[in-house]
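These are the residues of each chain, in order.
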Amino acid sequence: MNHTIEKEELNPYLIAQRQVDAAAAKLGLAPHITELLKKPKRVLSVSFPVKMDDGSVRVFEGFRSQHNDAVGPTKGGIRFHPGVTLDEVKALSMWMTFKCGVVSLPYGGGKGGVICDPRELSTSELERLSRAFMEAIADIVGPERDIPAPDVYTTPQIMGWMMDTYSKLRGHNTPGVITGKPIIIGGSQGRGNATAQGCVYAIQCALKDIGLPMEKAKVAVQGYGNAGRIAARLLSDLGATIVAVSDSRGGIYDPNGLDIDRVEQLKDTASIADYGSEYVLTNEQLLELDVDILIPAALENVITKENAPNIKAKIIAEAANGPTTPEADEILNAKGTIVIPDILANAGGVTVSYFEWVQNLMNYYWSEEEVLEKLEVNMVKSYDAVRTLANEYDTNLRTAAYMISLQRVTAAMQARGWV
């Protein structure tokens, strides 16, 4: 007998559209509104030359997608990664619209990317690439139009180069064109930790919901990069036990708890795998550990219908964008797993980016304490609103988060007379 196994859809753009469909159906949105929300308003594809250190010239390809600007200017990161695709950037711009909506920011979603491996570029090549990409997209970005930020493999320094390039093109200092910059040229206090800190605030809310004290929580973090590393440190400082972490080369696990100070030192000087051969495990094994909190903080589509039945965590906090497929969501929902969706769990970054933009426009800057206080208030309020709506409609947190955002964007489009 011939058994055909249906292949799971892993295209992030199609996944984002399915998520919109699910929330729109719950809300009873008109079909034309749903269709409008499923596609970006504007997508720019660019090719640009960069002179390399050896004197040769390479042509790079990049994209900038602007999903919806009914609520306000678009906002979202720029990633430098060899796997960047047009559909990925379109999906990420959609997720940014809904992320901004769920935490009540006056933005729509944007996203950009360049197909490259920054690890293979010298600092001077990376600077020329960054400046050239900003020149290529400068006509459609700006403080009132579209405000980029850091993402995968981009840094505050790269944002500084891009801001400087845009300012030169405009003939005056324009710090509000980009966020995630170095503090000395208009960056915000607290921005570096913001994604992880916002995720931790959401986790604290979820732990209260299930009545589990932080001190009794065991945590696994897949993706020990910026957000994952800081989240592990913050949760450890709050009393949680970090039992496993991983990066692109693999992971380490100790059921009694890892020494986070040592892990951080190894990450900076060698490899976390040097923690000890008896502690080594794969990224795939980490996802299925018996823990209370699982934080996927790497890339898309790591939790699928194949591994979702084996996931034991009570809470999944999506520090990465799009780590869970729709089929996996259904399995986890049936099991009663609390999935704090990416558009809520990792919204701390864009929230503090918004604070940075506001500070740039005012030319008045806040302390880190002020920034984190405002962030906590917004994350807790947003989590409570999502949970309340999920209970009201008997749905999961992801669909409820999308419903809040879709309501907000639809109201803005109606107020403008678009629909």
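These remarks concern the structure in this document. (Residues numbered from 1 in each chain as written. Predicted model: local features only at pLDDT ≥ 70, side-chain atom pairs only at ≥ 80, totals over all residues. Heavy atoms only, no water.)

### Here's the deal with the layout of surface pockets
Using the following cut-off: Cavities and pockets were defined on a 1 Å grid built from protein atoms only: a cavity is a group of points that admits a 1.4 Å probe but offers it no way out, a pocket is an open group of points flanked by protein on both sides within 12 Å along at least five of seven lines, and a lining residue is one with an atom within 4 Å of any such point. Grid points are joined across faces, edges and corners, and a volume is the space filled by probe spheres set on the points. Numbering of helices and strands runs from the N terminus, with a helix taken as a DSSP run of H or I at least four residues long and a strand as a DSSP run of E at least two residues long. All amino acids are sorted into three groups, where Ala, Val, Leu, Ile, Met, Phe, Trp, Tyr, Cys and Pro are nonpolar, Asp, Glu, Lys and Arg are charged, and the leftover types, Gly among them, are polar.
Size it by volume and the largest pocket reaches roughly 1500 Å³. Mapped onto the lining of the largest pocket, the elements with two or more residues apiece are β3 (74-81), α3 (86-102), β5 (146-150), α7 (226-237) and α12 (348-362). Among the elements that take part in the lining of the largest pocket, β3 stands out by supplying five residues, more than any other. Of the residues in the lining of the largest pocket, the class split is 17 nonpolar, 19 polar and 12 charged.

### Describing the pairing of strand β4 (residues 108-115)
So the rule is basically this: When a residue's accessible area, from a 1.4 Å probe over protein chains only, is under 20% of the maximum for its type it is buried; when over 50% it is exposed; and in between it is partly exposed. If DSSP finds at least two bridges between two strands, the strands pair. The crossover handedness rule: strands pointing away from the viewer, path from first strand over the helix to second strand clockwise, crossover right-handed.
With seven of its eight residues buried, β4 lies for the most part within the structure. Taken together, the five bridges between strand β2 (residues 57-66) and β4 define a ladder with antiparallel strand orientation. Directly across from Phe63, in β4, lies its bridge partner Gly113. As judged from the six bridges shared by β3 and β4, these two strands associate in the parallel manner. Across the sheet, residue Lys75 finds its bridge partner in β4, namely Gly109. A crossover connection joins β3 to the parallel β4 through α3; in handedness this β-α-β unit is right-handed.

### Considering unusual backbone geometry
The residue Tyr153 is not glycine, and still its phi comes out positive at about 60°. Looking at where Tyr153 falls in the secondary structure, it is placed in the loop between β5 and α5 (156-170). The phi dihedral of Asn363 falls on the positive side, at around 55°, and the residue is not glycine. Relative to the elements of secondary structure, Asn363 occurs in the loop between α12 and α13 (368-393). We classify Asn363 as exposed; its relative accessible area is 60%.

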